[in-house]
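# Tertiary structure, described
Spelled out from the first residue to the last, the chains are:
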Amino acid sequence: MPVYEYMCETHGVFETIRPMADHAAPCPCPVCGQDAPRVMLTVPRLAMMEAGNRRAHETNERSSHEPKSTRTHGPGCSCCGGSKSNSKTLRRPDGSKSFPTKRPWMISH
């Protein structure tokens, strides 16, 4: 469970561990019991995270203002249109198509 910070009007800032479902709800002050709203005074503790999660957060931060493609496909990649597909469809100049290696009884649209 994460650690959240709350600000009591009388006793100041305190931290507590709560479920993520209760992150927006006020928390009672441990000294006086008065409901205190959540505040964000310190940065998240990313240094304690696993390296993979930390890199994912860094990537998300960079891509929020510097979007770039992460695809690194080589030449001839079918999804990037680098080369013509190896289709068995025969296309005629009038726009009709036929499929010589497929079922000859099928009619093309």
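Up top is the structure these notes are about.
With that out of the way, let us pick up the pairing of strand S1 (residues 3-8). Where S1 lies against strand S2 (residues 12-17), 6 bridges are found, and the strand directions are antiparallel. Looking at S2, one finds that tyrosine 6 is bridged to phenylalanine 14. Here S1 hands over to S2 after 3 residues, the two strands then running antiparallel side by side. In terms of strand pairing, S1 meets strand S5 (residues 38-39) through 2 bridges, oriented antiparallel. Bridging across to S5, glutamate 5 finds its partner in valine 39.

Now for the sheet that holds S5. Read across the sheet, 3 strands follow the order S2-S1-S5 without closing on themselves; strand pairing throughout is antiparallel. Whereas interior strands pair on both sides, the edge strands pair on one side only; in this sheet they are S2 and S5.

What counts as what
Residues numbered from 1 in each chain as written. Predicted model: local features only at pLDDT ≥ 70, side-chain atom pairs only at ≥ 80, totals over all residues. Heavy atoms only, no water. Pairing = 2+ DSSP bridges. Helix = DSSP H or I, 4+ residues; strand = E, 2+ residues; numbered from the N terminus.

The quantities given are spatial measurements derived from coordinates; they are silent on function.
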